[in-house]
Amino acid sequence: MQFVLQQFLLNRSNLFVLQLLSDPVRVEQDARKAACDTSLVQATSNMEPIGRIQMRTRRTLRGHLAKIYAMHWGSDSRNLVSASQDGKLIVWDSYTTNKVHAIPLRSSWVMTCAYAPSGSYVACGGLDNICSIYSLKTREGNVRVSRELPGHTGYLSCCRFLDDNQIVTSSGDMSCALWDIETGQQCTSFMGHTGDVMSLSLSPDMRTFVSGACDASAKLWDIREGSCKQTFPGHESDINAVTFFPNGYAFATGSDDATCRLFDIRADQELAMYSHDNIICGITSVAFSKSGRLLLAGYDDFNCNVWDSMKTERAGILAGHDNRVSCLGVTEDGMAVATGSWDSFLRIWN
Amino acid sequence: IGLSDTAVMDMMISNLQQQRQVTEQLRREAAIKRISVSQAVLDIMKYITEHEQEDCLLVGFSSQKANPFREKSSCTLL
């Protein structure tokens, strides 16, 4: 076929396709605007202000020899697991600061870790593209790899257990996946993001999860169906962290664009932005306090800011780390927040 | 480019199929039912108000004895 004719036909098909594409995007934008009858700050103007939030470091967990990249609380609100590029997963008793387990990893390039709700397993993964499951309660009393889940074609950025046999992962290959741990197979693949997926958060009812990616969007996925239900644009750069609001109807994100944002699922749009002219660095991690009134966010500038989620004002600051805060988490009972840093320490605050 | 006729046809069909999938997904997302922002915020405020008394990071501890991370005393019951 002649070159000119080839080009003509390709251009015609692209134009046709563009016309098909533009309609639903406009429909969605109009529908979101129609639902937007007020702003969060306006709607919460009668809420009591909360005053200054001051927390102190209650425990410092020392033991890692290199940057900490991830941490996750156990559901007992006492044990937590942390992952460091010193090639170790450490399970800590945060009350006593004792190390319950120190698990050497096959690959030291770890980027995420997770604690199973039962407390029987932990998982981790990173640049090896594999999610490794470790059993903490073997008959012999030692910790060993119970399953390796290969399949992603990019780094493992985040993982979360649904239960002892199911885990959801997010990856630099732009997809998320649901795994059956027993068989080692991917049951479901969640495709749609057009950039590395950096973080995921399970809904309280475990039927859906939210993902944040380097395409600057967050997506809500139905776990059983494997489908993307909604997409939330707004951020101007990579989203590094997502976390559900405790009622399951909203979630917060943290991004390299130096802002955190609150999105509502049923209104299908952004409700609020948490930013300040003085804050110009990226957010690495986010978590809500038990009632959802406080949004905690870890930053590249070594601090953790505590935001009043309803007034969108900064209510406090957790200062003490000597390097980037890479991860943070609030206990299920809401009594403490843990921060992990590139300075190799974890701190427990309340 | 100088591709064969069939190669160009394959590219066009695959391109259209992909774009159709993207369009269908966009249509599904555009078609969902939405609630108003005012209703969404009301529900969020209600949740916060109902749970703020149990939010220790917000309201603190009634006494330091209630804080499992208080400064350790000489004896602790584990």
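Described below are features of the structure shown in this document. Predicted model, so just to flag it, every value in this text is computed and none were measured. (Residues numbered from 1 in each chain as written. Chains lettered and ligands numbered in written order. Predicted model: local features only at pLDDT ≥ 70, side-chain atom pairs only at ≥ 80, totals over all residues. Heavy atoms only, no water.)

Thoughts on the pairing of strand S23 (residues 294-299) of chain A
Residues and elements named next belong to chain A. Within S23, six of the six residues are buried, which leaves it mostly tucked inside the rest of the structure. Here S23 shows two buried faces, one formed by Leu-294, Leu-296 and Gly-298 and the other by Leu-295, Ala-297 and Tyr-299. Here strand S22 (residues 283-288) folds back onto S23, and the loop between the two strands holds five residues, one of which, Gly-292, carries a positive phi near 90°. Examined bridge by bridge, S23 and strand S24 (residues 304-308) share five bridges and lie antiparallel to one another. By the bridge assignment for S24, Leu-295 is matched with Trp-307. Hairpin connection between S23 and S24: a loop of four residues separates the two successive antiparallel strands, and Phe-302 in this loop has a positive phi of roughly 80°. (Buried < 20%, exposed > 50% of the residue type's maximum accessible area, 1.4 Å probe, protein only. Helix = DSSP H or I, 4+ residues; strand = E, 2+ residues; numbered from the N terminus. Pairing = 2+ DSSP bridges.)

Section: the nonpolar core
Generally speaking, a soluble globular protein has its nonpolar side chains buried in company with each other. Core analysis: the biggest nonpolar cluster contains 30 residues, and A:Cys260, A:Leu262, A:Tyr274, A:Leu295, A:Tyr299 and A:Met310 have the highest contact counts within it. The set of elements that each furnish at least two residues to this core consists of strand S19 (250-255), strand S20 (260-264), strand S21 (269-274), S22 and S23 of chain A together with helix H2 (37-51) of chain B. Per element, the largest residue contribution to this core is seven residues, and it comes from H2(B). (Core = buried A, V, L, I, M, F, W, Y, C linked by side-chain atoms within 4.5 Å.)

Observations concerning the packing of aromatic side chains
The tally for this structure, following the rule as stated, stands at twelve aromatic pairs over all chains. Here the aromatic rings of A:Tyr95 and B:Phe69 are separated by 5.2 Å at their centres, their planes lie at 90°, and the arrangement is edge-to-face. Within this pair, whereas A:Tyr95 is found in the loop between strand S4 (88-93) and strand S5 (98-104), its partner B:Phe69 is found in the segment after helix H3 (56-59), the two belonging to separate chains. Given the relative accessible area of 1%, B:Phe69 is considered buried. Here the aromatic cluster, defined as three or more aromatic residues joined through ring pairs, consists of A:Trp73, A:Tyr95 and B:Phe69. (Phe/Tyr/Trp six-rings, centres within 6.5 Å; stacked < 30°, edge-to-face > 60°.)

Notes on the sheet that holds strand S2 (residues 68-73) of chain A
All names here are of chain A. With antiparallel pairing, the four strands of this open sheet are ordered in space as S2-S3-S4-S5. Strands with a single pairing partner mark the edges of an open sheet, and in this sheet they are S2 and S5. Geometrically, the sheet is characterised by an average inter-axis angle of 20° between neighbouring strands, direction not taken into account. Bridge count between S2 and strand S3 (residues 79-84): five bridges; the pairing is antiparallel. (Axes fitted to C-alpha atoms, helices over the stretch in contact; angles between N-to-C directions.)

Structural notes on the pairing of strand S18 (residues 239-244) of chain A
Residues and elements named next belong to chain A. Summarising burial for S18: six of the six residues are buried, a large majority. Across five bridges, S18 lies against S19 in antiparallel orientation. Counterpart to Thr-243 in the pairing with S19 is Ala-252. Linking S18 to S19, which pair antiparallel, is a turn of five residues; within it Gly-248 sits at a positive phi near 80°.

What is shown is where atoms sit, not what they do.
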